[in-house]
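Residue strings, one per chain:
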Amino acid sequence: MRQKILNTASGETYRFIEAKLGSYPFDGLREGKAVKKGTPISWSLADVQAGQVWIQDSEGKSVALSWEDMAQEPGWTKLDWVVACPPRRQLANASNNLDVTWEAPDGTIVPLDGQLDPYFQEVYLEAESIPLFTKLAKQVAADAMDQYLEQLEQEVKKYVARSPNYGKAAKRMYNVFRLKGLYSEAAYLRELFDEPATILYQISALVRTVDEASTGDSEINKETIAEQLDELILGAIDALEGTQEKEIVRRLLRLRALITDPTREREQEVLEAQTELMSQVNTFFYDRLMAVPSIRAYIEELQQ
């Protein structure tokens, strides 16, 4: 993983963003922000190059967490880049999620993150992968479906109660209803993501992608970044009208003017643009979810 990061740190059409490796061994502070024991550790390129991150423990003592030590219990492992496709005038985030396992002499499959994930979402297999998939599937716990549904519903509860994000809640509810056999509700949710207004959901994510592509020592062509912003502006114009359209387009135009300016002012502009967009997204999904009595009752039960 480390060599992959160092070999693909930056290029004309890509830029490394962060890695996930290991878990915090205690509650503490990292660069003034609270981190919790057991949550995944994020590594920037500078962190990977240094081979360690620094955390303050509860007594204020600085403790170095090395890449090598964290790799002994890697937990959730993930690599993220921002990539550009100049012919399409587009930017996107690309990830490698590593679900690493090894096979013991007795045939037991041991996952390094401690959990053998069940395959309940759509699975796309090449023919040569079927024997491996079959071997893994045999070792998934009999109650894995129940566990998977419980995990999904906890995430729905999080996004309708603790950290409201009704777009993320709708995506997870789609799978909950589909797996429970509530097909009319699932179909309704699926159609929501075909409506023009959901372009705002994509725009919100891409605002951060644009920022990541244009900061620091990024080699990604500024013209490609500007063209992606132009596409976002056109998408906002198509999806919105009136005061909402004016405000979002104004923010995107402001961001476009700042893409070569690595100042704190731009950081604030990015944050405000994302906050405004997510507010619009939340309103859109909230109104449509609450319009269906059975879905409204499900949400209200979780909120209680």
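Please refer to the structure placed before this passage.
Here's a quick rundown of the structure. (Residues numbered from 1 in each chain as written. Predicted model: local features only at pLDDT ≥ 70, side-chain atom pairs only at ≥ 80, totals over all residues. Heavy atoms only, no water.)

**Some thoughts on the nonpolar core**
Reasoning step 1: Formed by 49 residues in total, the largest nonpolar core has its most connected members in Met173, Val207 and Leu289.
Reasoning step 2: Top contributing element to this core by residue count: helix H11 (residues 264–290), with nine residues.
Reasoning step 3: Residues within four places of valine 207 in sequence aside, it is in contact with Leu232, Leu252, Leu255, Val270, Ala273, Gln274 and Leu277.
Reasoning step 4: Among the nonpolar cores identified, the runner-up in size contains 18 residues, and Val35, Ile41, Trp43 and Val48 belong to it. (Core = buried A, V, L, I, M, F, W, Y, C linked by side-chain atoms within 4.5 Å. Buried < 20%, exposed > 50% of the residue type's maximum accessible area, 1.4 Å probe, protein only. Helix = DSSP H or I, 4+ residues; strand = E, 2+ residues; numbered from the N terminus. Contact = heavy atoms within 4.5 Å.)

**Points about the pattern of salt bridges**
Reasoning step 1: Overall, the coordinates contain six salt bridges when judged by the stated rule.
Reasoning step 2: Here lysine 78 makes a salt bridge to aspartate 80, at a shortest N to O gap of 2.7 Å. The two residues lysine 78 and aspartate 80 agree in class, both being buried.
Reasoning step 3: Among the salt bridges present, the one from arginine 172 reaches glutamate 155, with a minimum N-O distance of 2.6 Å. Of this pair, arginine 172 sits in helix H6 (residues 166–180) while glutamate 155 sits in helix H5 (residues 144–162), and the two are 17 residues apart along the sequence.
Reasoning step 4: Given a relative accessible area of 21%, arginine 172 falls into the partly exposed group.
Reasoning step 5: Here glutamate 155 falls in the partly exposed class, since its relative accessible area comes to 26%. (Salt bridge = Lys/Arg side-chain N within 4 Å of Asp/Glu carboxyl O.)

**Side note on the side chain of glutamate 185**
Reasoning step 1: Relative to the elements of secondary structure, glutamate 185 occurs in helix H7 (residues 183–192).
Reasoning step 2: An unpaired buried charge is present at glutamate 185: no salt bridge exists, and lysine 180, the closest side chain of opposite charge, is 11 Å distant.
Reasoning step 3: Here serine 294 takes part through its side chain, which lies 2.9 Å from a polar atom of the side chain of glutamate 185. (Lys, Arg positive; Asp, Glu negative; His and termini not counted. Polar contact = N/O pair within 3.5 Å; in protein donor to acceptor, adjacent residues only side chain to side chain.)

**Brief notes about a positive patch on the surface**
Reasoning step 1: Residues Lys157, Lys158, Arg162, Lys168 and Lys171 make up a contiguous surface patch of positive charge.
Reasoning step 2: When residues of the positive patch are traced back to their parent elements, those giving at least two are H5 and H6.
Reasoning step 3: Relative to the assigned elements, arginine 162 resides in helix H5.
Reasoning step 4: Residue arginine 162 is classed as exposed on the basis of its relative accessible area of 54%. (Patch = residues over 30% accessible without salt bridge, like charges linked within 9 Å, V, L, I, M, F, W, Y side chains within 5 Å. Areas by Shrake-Rupley, 256 points an atom, 1.4 Å probe, with all protein chains shown as cover. Charge placed at Lys NZ, Arg CZ, Asp CG, Glu CD.)

**A word on the packing of aromatic side chains**
Reasoning step 1: In this structure the tally under the stated criterion is six aromatic pairs.
Reasoning step 2: An angle of 65° between the planes, with centres 5.2 Å apart, marks the rings of phenylalanine 177 and tyrosine 298 as edge-to-face. Residue phenylalanine 177 is located in helix H6, and its partner tyrosine 298 is located in helix H12 (residues 293–303); the two are separated by 121 residues in the primary sequence. No difference in accessibility class separates phenylalanine 177 from tyrosine 298, as the two residues are buried.
Reasoning step 3: By way of ring pairs, the aromatic residues Phe193, Phe284 and Phe285 are connected into one cluster. (Phe/Tyr/Trp six-rings, centres within 6.5 Å; stacked < 30°, edge-to-face > 60°.)

**Observations concerning the pairing of strand E2 (residues 14–23)**
Residues in a regular strand project their side chains so that they alternate between the two faces of the sheet.
Reasoning step 1: Judged from the two bridges that link them, strand E1 (residues 10–11) and E2 form a sheet pairing that is antiparallel. Of the residues in E2, the one forming a bridge with glycine 11 is tyrosine 14.
Reasoning step 2: A loop of two residues connects E1 with E2, the two strands running antiparallel in sequence.
Reasoning step 3: One ladder, built from six bridges, connects E2 with strand E8 (residues 77–85); its direction is antiparallel. Bridge pairing in E8 links arginine 15 to valine 82.
Reasoning step 4: Two elements, E2 and strand E5 (residues 40–43), share three bridges in a ladder whose sense is antiparallel. Bridge pairing in E5 places alanine 19 opposite tryptophan 43. (Pairing = 2+ DSSP bridges.)

**Topic: unusual backbone geometry**
Reasoning step 1: Phi at glutamate 31 is positive, roughly 50°, even though this residue is not glycine.
Reasoning step 2: Within the secondary structure layout, glutamate 31 lies in the loop between strand E3 (28–30) and strand E4 (33–35).
Reasoning step 3: Notably, arginine 89 is not glycine yet its phi reads approximately 55°, a positive angle.
Reasoning step 4: By secondary structure assignment, the location of arginine 89 is in the loop between E8 and strand E9 (90–98).

**What about the packing of H6 against H12?**
Reasoning step 1: With their axes 12 Å apart at the nearest point, H6 and H12 run at an angle of 110° to one another. Relative to H12, the element H6 lies roughly perpendicular. Contacts from Tyr166, Met173, Val176 and Phe177 of H6 reach H12 at Ile295, Tyr298, Ile299 and Gln303.
Reasoning step 2: Its residues assigned to classes, the contact of H6 with H12 shows seven nonpolar, one polar and no charged. (Axes fitted to C-alpha atoms, helices over the stretch in contact; angles between N-to-C directions. Parallel < 35°, antiparallel > 145°, perpendicular 65-115°, else oblique. Nonpolar A, V, L, I, M, F, W, Y, C, P; charged D, E, K, R; others polar.)

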